[in-house]
Amino acid sequence: IAAENLRVVSGNVLTDDLVLDEAAHDQDAVICALGVGKSFTPGDLIARAMPRVISAMSHHNVRRLVHTSAFGVGVTYRDAPFVPRLFIRTLLKDIYRDKVAGERAIEASALDWTIVYPTGLTDRAGTGHVRAGERLALSGFPTIARTDVAHFLLDQIDDTSFVRKGVLISS
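Residues numbered from 1 in each chain as written. Predicted model: local features only at pLDDT ≥ 70, side-chain atom pairs only at ≥ 80, totals over all residues. Heavy atoms only, no water.

Asker: Can you break down the pairing of strand 7 (residues 165-170) residue by residue, with the values?
Answerer: Note: strand 3 (residues 112-118) against strand 7, five bridges, orientation parallel. Note that in strand 7 the partner of Ile115 across the bridge is Gly166. Inspection of the sheet shows strand 5 (residues 131-133) paired to strand 7 by three bridges, in the antiparallel sense. Among the inter-strand pairings, Gly133 is bridged to a residue of strand 7, identified as Leu168. (Pairing = 2+ DSSP bridges. Helix = DSSP H or I, 4+ residues; strand = E, 2+ residues; numbered from the N terminus.)

Asker: Give me the pattern of salt bridges: which residues, what numbers.
Answerer: Enumeration over the complete set of coordinates arrives at seven salt bridges. Linking Arg97 and Asp44 is a salt bridge whose minimum nitrogen-to-oxygen distance equals 3.2 Å. One end of the pair, Arg97, is in helix 4 (residues 93-108); the other, Asp44, is in the loop between strand 1 (29-32) and helix 2 (45-59), and 53 residues separate them in sequence. For Asp44, a relative accessible area of 32% corresponds to the partly exposed category. Of the charged contacts, one joins Arg78 and Asp79 as a salt bridge, the two residues approaching to 3.8 Å between their closest N and O atoms. What makes Arg78 partly exposed here is its relative accessible area of 40%. Using a relative accessible area of 11% as the deciding quantity, one classes Asp79 as buried. In this structure, a network of salt bridges that share partners links the residues Arg78, Asp79 and Arg135. (Salt bridge = Lys/Arg side-chain N within 4 Å of Asp/Glu carboxyl O. Buried < 20%, exposed > 50% of the residue type's maximum accessible area, 1.4 Å probe, protein only.)

Asker: Could you give an account of the pairing of strand 1, with specific residues and numbers?
Answerer: Where strand 1 and strand 2 (residues 64-68) come together, four bridges link them in parallel fashion. Counterpart to Val30 in the pairing with strand 2 is Leu65. Read from strand 1 through helix 2 to strand 2, the crossover connection turns out right-handed. (Right-handed = clockwise from strand over helix to strand, strands pointing away.)

Asker: How would you summarise the packing of helix 2 against helix 4 if you had to cite specific residues and measurements?
Answerer: At a minimum axis separation of 7 Å, helix 2 and helix 4 run at an interaxial angle of 20 degrees. In terms of orientation, helix 2 and helix 4 fall into the roughly parallel class. The crossing of helix 2 and helix 4 is right-handed. When helix 2 is examined against helix 4, the residues Leu45, Ile46, Ala47, Met50, Pro51 and Ile54 are found in contact with a partner set consisting of Asp98, Lys99, Ala101, Gly102, Ala105 and Ile106. Class assignment of the residues belonging to the contact of helix 2 with helix 4 gives a composition of nine nonpolar, one polar and two charged. (Axes fitted to C-alpha atoms, helices over the stretch in contact; angles between N-to-C directions. Parallel < 35°, antiparallel > 145°, perpendicular 65-115°, else oblique. Left-handed = near helix turned anticlockwise from the far one by under 90°. Contact = heavy atoms within 4.5 Å. Nonpolar A, V, L, I, M, F, W, Y, C, P; charged D, E, K, R; others polar.)

So far we have only geometry, and geometry alone does not tell us how the molecule works.
Listed below in structure tokens is the structure:
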């Protein structure tokens, strides 16, 4: 991965204070996209990591956090159509519980946070068009291309429309 103004830092967010310190040092913002991939066992990753991330950001006076969550977590559950709700209540329940715990830490912080809730992620080509709002009318199994999510996350660094709010995004 190479891009202007991008610095990649590798390490374990749960155990390596130096990695977090290096990641937050001299930054204007942090985009957090932590997750367990295709696993259904979260190991409390988000719940354990977010207080550490928040602490490192606070230590380095980094105010802006753009955090990636998932459609159906927290208040976005109310907008989930029937089929995604089944997955949320069954296969994803532990992962979503972990995400809620992490979000509580974020919401209790003094940071200028935005929590982004993308609908189902796909690998298809991005459209460059994203529907975004605190609520969206959705049906079936809504999706969004990962590239569109990435662009939206980057845009949130300077966009103050959703500071200290959650935003649901979909194609």
